[in-house]
Amino acid sequence: KEKKRHMGDTKHFCPVSLKENFVLYPGLNEHAAKYQEKIYYFSTSECKDKFLKNPEEYVAHNEPLQAPPLRVCLLGTHGAGKTTCARQIAEKLGIFHIQFEEYLQELILPKTKEKVAPDYGKEPEEDYSEILSQEPDAFSQTMTKIETEKSAQEVKLTDEEEAIKANLMDNEALPPEVLDNIVPDWWRKEPFRSTGFILDGFPRTLHEAQYLSKQGLCPDIAVYIEVEESDILDRLFPPRLKEWKERQYIKKENRKKLKDLKAKIRV
């Protein structure tokens, strides 16, 4: 109790992190300083130096310092039910729900026109070798027309968009400069800054967790949903099987159309 009476406005949290990032970042004993007979604790020596250069910028004046809203990171393997739980929690607590991979999809969707994750990949092209061998001129003209239309629809992606696409397609790590343009805004800019959020599916890797730590972007709590593999299989396999059957049906219909086309060329 005696110690708490001599602690600064932010208690054992870093006042610089609260001011600049609006997060409650625990301070360390080795980075402590006294100001106006109060002891302040800082997350890093750099934060301590900033405070000592201009302490009035980081302490309370007429009103107590405002505490940040709730920020939650919800983690778990694919199919664990993160999004379902996150929606319910966000609605109950009145905070934003951010589905990370879906957010990445939305960033490049205006150019790609369709989702690019592996689950949404296109079916392999059919084999046109039989038609080409019988009617090369006619088939060549058709394929040229298709390629021309396809080229006209293609849009060049920026380096950042290419990195996002590679992450969604092949799980390539997102470069720090891409994360810089996405993640900090949820902590520092409105309406997320004053409302709070539940971040669904981030961080996904050690690299991304280290990025949050390095940037001083601390969630108030991280929840990991652990689910038995059999439960995930029961949840995901039936719809995947249905999709596979639908794709097989489409491929069968395409083969039939090719066969009819070949018959017309013969005539």
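Refer to the structure printed above.
Residues numbered from 1 in each chain as written. Predicted model: local features only at pLDDT ≥ 70, side-chain atom pairs only at ≥ 80, totals over all residues. Heavy atoms only, no water.

**Description of helix α8 (residues 159-170)**
Note that an α-helix has 3.6 residues per turn; residues three or four places apart therefore point the same way.
Part 1: Taking 1.5 Å as the rise per residue, α8 with 12 residues should run 16 Å; its terminal C-alpha atoms sit 16 Å apart, in good agreement.
Part 2: Packed against the buried residues of α8 are α5 (100-112) and α9 (176-180).
Part 3: Positioned one or two residues after α8, Asn171 has a phi angle of 60°, which is positive. (Helix = DSSP H or I, 4+ residues; strand = E, 2+ residues; numbered from the N terminus. Expected span 1.5 Å × (residues − 1). Contact = heavy atoms within 4.5 Å.)

**A closer look at the packing of aromatic side chains**
Part 1: Within this structure, the stated rule accounts for 9 aromatic pairs.
Part 2: Relative to Phe202, the ring of Phe100 has its centre 4.5 Å away and its plane inclined at 40°; by these criteria the two rings are tilted. Of the two residues, Phe100 is situated in helix α5 and Phe202 in the loop between β5 (197-200) and α12 (206-215); the sequence distance between them amounts to 102 residues. No difference in accessibility class separates Phe100 from Phe202, as the two residues are buried.
Part 3: Here a set of aromatic residues connected by ring pairs shows up, and it is made of Tyr35, Tyr40, Phe42, Phe51 and Tyr58.
Part 4: Positioned over the ring face of Phe22 is Arg193, at 4.0 Å from the centre of the ring. (Phe/Tyr/Trp six-rings, centres within 6.5 Å; stacked < 30°, edge-to-face > 60°. Buried < 20%, exposed > 50% of the residue type's maximum accessible area, 1.4 Å probe, protein only. Lys NZ or Arg CZ within 6 Å of the ring centre and 35° of its normal.)

**Notes on the pairing of β5**
Part 1: With burial as the criterion, each face of β5 is covered, one bearing Phe197 and Leu199 and the other bearing Ile198 and Asp200.
Part 2: Of the pairings in the sheet, the one linking strand β3 (residues 71-76) to β5 comprises 4 bridges and is parallel in character. Bridging across to β5, Cys73 finds its partner in Leu199.
Part 3: As judged from the 4 bridges shared by strand β4 (residues 96-99) and β5, these two strands associate in the parallel manner. Pairing of Gln99 across the sheet is with Asp200, part of β5. (Pairing = 2+ DSSP bridges.)

**Structural notes on α5**
Part 1: Taking 1.5 Å per residue, 13 residues should reach 18 Å; α5 reaches 18 Å between its end C-alpha atoms and fits that length.
Part 2: The sharpest bend along α5 measures roughly 35° and falls at Glu106, with the proline Pro110 sitting one to four residues further on.
Part 3: By the burial criterion, the buried members of α5 are Phe100, Leu104, Gln105, Ile108 and Thr112.
Part 4: In the core, the buried residues of α5 are packed alongside β4, α8, α9, α10 (184-188) and β5.
Part 5: Among the residues of α5, the N-terminal cap falls to Gln99, whose side-chain oxygen and the backbone nitrogen of Glu101 are separated by 3.3 Å.
Part 6: Remark: Lys113 follows α5 within two positions and exhibits a positive phi of approximately 70°. (Bend = angle between axes of the 7 residues up to and from the residue. Polar contact = N/O pair within 3.5 Å; in protein donor to acceptor, adjacent residues only side chain to side chain.)

**Observations concerning the pattern of salt bridges**
Opposite charge on two side chains permits them to pair, given that their charged atoms come into close proximity.
Part 1: Counted under the stated rule, the structure contains 6 salt bridges.
Part 2: Salt-bridge contacts for Lys50 lead to Glu20; the nearest nitrogen and oxygen are separated by 3.1 Å. Residue Lys50 is found in helix α3 (residues 45-53), and its partner Glu20 is found in helix α2 (residues 15-21); the two are separated by 30 residues along the sequence.
Part 3: Overall, Lys50 belongs to the partly exposed group, its relative accessible area being 39%.
Part 4: Residue Glu20 is classed as partly exposed on the basis of its relative accessible area of 39%.
Part 5: The shortest N-O distance in the salt bridge between Arg204 and Glu101 comes to 3.6 Å. Of this pair, Arg204 sits in the loop between β5 and α12 while Glu101 is found in helix α5, placing the two residues 103 residues apart along the sequence.
Part 6: Judged by its relative accessible area of 28%, Arg204 falls in the partly exposed class.
Part 7: Because the salt bridges share partners, they merge into one network encompassing Glu101, Arg204 and Glu208. (Salt bridge = Lys/Arg side-chain N within 4 Å of Asp/Glu carboxyl O.)

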